[in-house]
Amino acid sequence: MTSQFTLYNTLTRSKEIFVPLKPPFVGMYVCGPTVYGDPHLGHARSAVTFDLLFRYLRDLGYKVRYVRNITDVGHLENDADEGEDKLAKKARLEQLEPMEVAQYYTDRYHHFLEKLNVLPPSIEPRASGHMMEQIELVQKILDEGFAYESNGSVYFDVGKYSQGHDYGRLSGRVLEDMLANSRELDGRDDKKGACDFALWKKASPAHIMRWKAPWSVGFPGWHLECSAMSIKYLGERFDIHGGGMDLMFPHHEAEMAQNTVCCGQGSARYWVHNNMITLNGQKMGKSLGNFITLEELFTGSHRLLSQPFGPMTVRFFILQAHYRSTLDFSDEAMKAAGRGLERLMAAVETIDKIVPSDRSNVDISDLEDRCAAAMNDDLNSPVAISVLFDWVRIINQLHDGSAMISAPDLERLRTFFHRVVFDVLGLRDDNAAGRNDIVAPLVEMLLAIRNEAKRKKDWATSDNIRDRLAAIGVAVKDRKDGTDWSLTAPSE
Ligand code: ZN
């Protein structure tokens with residue numbers, strides 16, 4: 001897959017040919033999770049989207065430094081820089097040390113992402129571990145004259161910034177509209193302008209997560225960490241900045257303003273945002289009561305689910321939509337994804353059973369070119385998957401003898417199919433793992449007992465084993481030279 005890779009850039013609102021600053025190196029920063037709640041479908045979509053991008057860039061031959069942060073401080077209850085720190089609140093309610101809460105949910109996040117076959121990033125920095133860098137950045141913005149101190153807190157001066165820069169460029173918002181739509185400052189407010197955002201907040205006496213800085217004992221504003229950590233690990237200018245669309249404003253807009261003041265320009269050349277998941281057509285949210293965690297999905301323990309869904313079904317479901325489209329979750333859609341995945345994995349196994357001919361009447365470059373074209377078109381995974389399904393049909397024809405393939409072409413087909421399915425899309429055949437690790441030896445053991453019974457002409461035992469295997473979904477077929485078995489599709 002070497003033709004030109006295009007990526008949609010939120011900053012320019014257009015698809016652009018991807019050219020890294022220093023090929024073959026690519027620097028990519030993605031906003032990771034806040035760690036005070038259990039990972040849910042929204043986390044999965046963002047993680048799988050940027051895992052696909054990470055995997056595809058590597059497939060194209062780039063050496064990617066992928067930085068994905070952990071937000072364990074400074075995430076307040078609302079975007080107006082007010083309310084309690086959400087992590088500290090959870091710690092207070094559960095009588096835990098805040099870092100216990102952060103560690104617990106970080107571990108949960110890793111656990112579920114591993115199940116989804118999401119590759120770990122190259123570096124995973126935590127906001128709380130980069131306090132010096134954040135304090136230095138606040139000082140720099142103050143020195144440049146784009147921030148002011150107010151009662152021990154420091155705010156970014158959006159009014160001043162927007163005199164020479166476009167605050168709203170990334171998210172497509174207009175400052176006048178934002179000001180008109182924000183609440184009136186009530187005079188007791190520390191801020192000068194309603195759109196100003198906190199760089200440093202003085203901690204109230206009850207606030208448990210606090211650090212010493214020149215302005216007060218307090219904590220950094222949420223947007224600051226991503227500027228500080230991306231500069232530290234990727235430099236002032238790097239290739240890709242990603243995150244969920246809900247982070248575009250104010251988080252990424254504010255981050256870009258901070259970087260522009262400190263470094264003379266916004267950090268990333270390409271800003272990439274994945275769209276949201278809706279649930280039966282509605283926005284997903286805890287308050288709306290239609291919120292599904294990954295644990296609930298994998299165990300089926302949610303009132304909207306009729307059954308558990310495996311991690312690979314969830315991953316395949318996400319990949320079946322383009323990352324910039326909304327994705328509507330429903331029990332039916334998940335079942336359909338499960339069936340599709342099963343068909344694809346069956347085809348992967350069928351490839352190994354194809355007997356090559358001395359010539360081909362199928363064209364492998366059709367598969368290769370169309371898959372590459374889809375992936376090069378802004379990571380169009382649904383189109384790439386539809387090309388794979390065109391070839392599922394052809395693979396079945398090659399297997400039943402209605403089409404022909406030469407030995408070298410068969411090897412090329414196998415290699416390419418595996419590369420797209422396993423390496424790029426990051427799918428895993430979870431059923432095969434079960435079949436191979438536990439089920440297969442058990443079935444083989446039962447068939448050995450059955451063969452022994454047949455040898456002794458104990459037909460009752462032999463038939464009993466065959467029938468009871470059939471009842472649990474293992475089809476047994478006797479042949480001249482032995483016994484074949486296969487798993488029949490689980491009934492739904
Ligand atoms: Zn961020």
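For the structure itself, look to the data block above.
No experiment lies behind these values; they were computed from the predicted model shown.

## Focus: the environment of F197
Phase 1 of the analysis: Within the fold, F197 resides in strand β7 (residues 197-202).
Phase 2 of the analysis: In this structure F197 comes out as buried when scored by relative accessible area, which is 4%.
Phase 3 of the analysis: Along the chain, F197 and F146 lie 51 residues apart, while their C-alpha atoms are 11 Å from each other.

## Some thoughts on the pairing of strand β10 (residues 238-244)
Phase 1 of the analysis: The element β10 is extensively covered by neighbouring structure, given that 7 of its 7 residues are classed as buried.
Phase 2 of the analysis: Strand direction decides the pairing type here: strand β3 (residues 25-30) and β10, joined by 3 bridges, are parallel. The residue bridging V30 from the neighbouring strand is G242, located in β10.
Phase 3 of the analysis: Since β10 and strand β11 (residues 268-274) lie parallel, the crossover through helix α8 (residues 248-263) that links them has a hand, and here it is right-handed.

## Some details on the coordination of the zinc ion
Phase 1 of the analysis: Protein coordination at the zinc ion: the donors are C31 (SG), C226 (SG) and H251 (NE2), at 2.0 to 2.1 Å from the metal.
Phase 2 of the analysis: The sequence pattern formed by the donor residues of the zinc ion is C-x194-C-x24-H. Here H251 lies in helix α8 and C226 lies in helix α7 (residues 224-234), a separation of 25 residues in the sequence.
Phase 3 of the analysis: Note on H251: relative accessible area 1%, which makes it buried.

## Here we look at the packing of aromatic side chains
Phase 1 of the analysis: Scanning the entire structure with this criterion turns up 17 aromatic pairs.
Phase 2 of the analysis: What links up through ring pairs into an aromatic cluster is the set F146, F156, Y161, Y167, F197 and F249.
Phase 3 of the analysis: Lying over the aromatic face of F54, R58 brings its terminal NZ or CZ to 4.8 Å of the ring centre.
Phase 4 of the analysis: Directly above the aromatic system of Y148 lies the positively charged group of K192, at a separation of 4.5 Å from the ring centroid.

## Considering the sheet that holds strand β8 (residues 211-212)
Phase 1 of the analysis: Strands sit in the order β5-β6-β7-β9-β8 across an open sheet of 5 strands; the sheet is antiparallel. With one partner strand each, in any of the chains shown, β5 (147-150) and β8 form the two edges of the open sheet.
Phase 2 of the analysis: Here 3 bridges tie strand β6 (residues 153-156) to β7, and the two strands are oriented antiparallel to one another. When the sheet's bridge partners are listed, V154 is paired in β7 with W200.

What counts and what doesn't
- Residues numbered from 1 in each chain as written.
- Predicted model: local features only at pLDDT ≥ 70, side-chain atom pairs only at ≥ 80, totals over all residues.
- Heavy atoms only, no water.
- Helix = DSSP H or I, 4+ residues; strand = E, 2+ residues; numbered from the N terminus.
- Buried < 20%, exposed > 50% of the residue type's maximum accessible area, 1.4 Å probe, protein only.
- Pairing = 2+ DSSP bridges.
- Right-handed = clockwise from strand over helix to strand, strands pointing away.
- Donors = N, O, S within 2.8 Å, 3.2 Å for Na, K, Ca; no water.
- Phe/Tyr/Trp six-rings, centres within 6.5 Å; stacked < 30°, edge-to-face > 60°.
- Lys NZ or Arg CZ within 6 Å of the ring centre and 35° of its normal.

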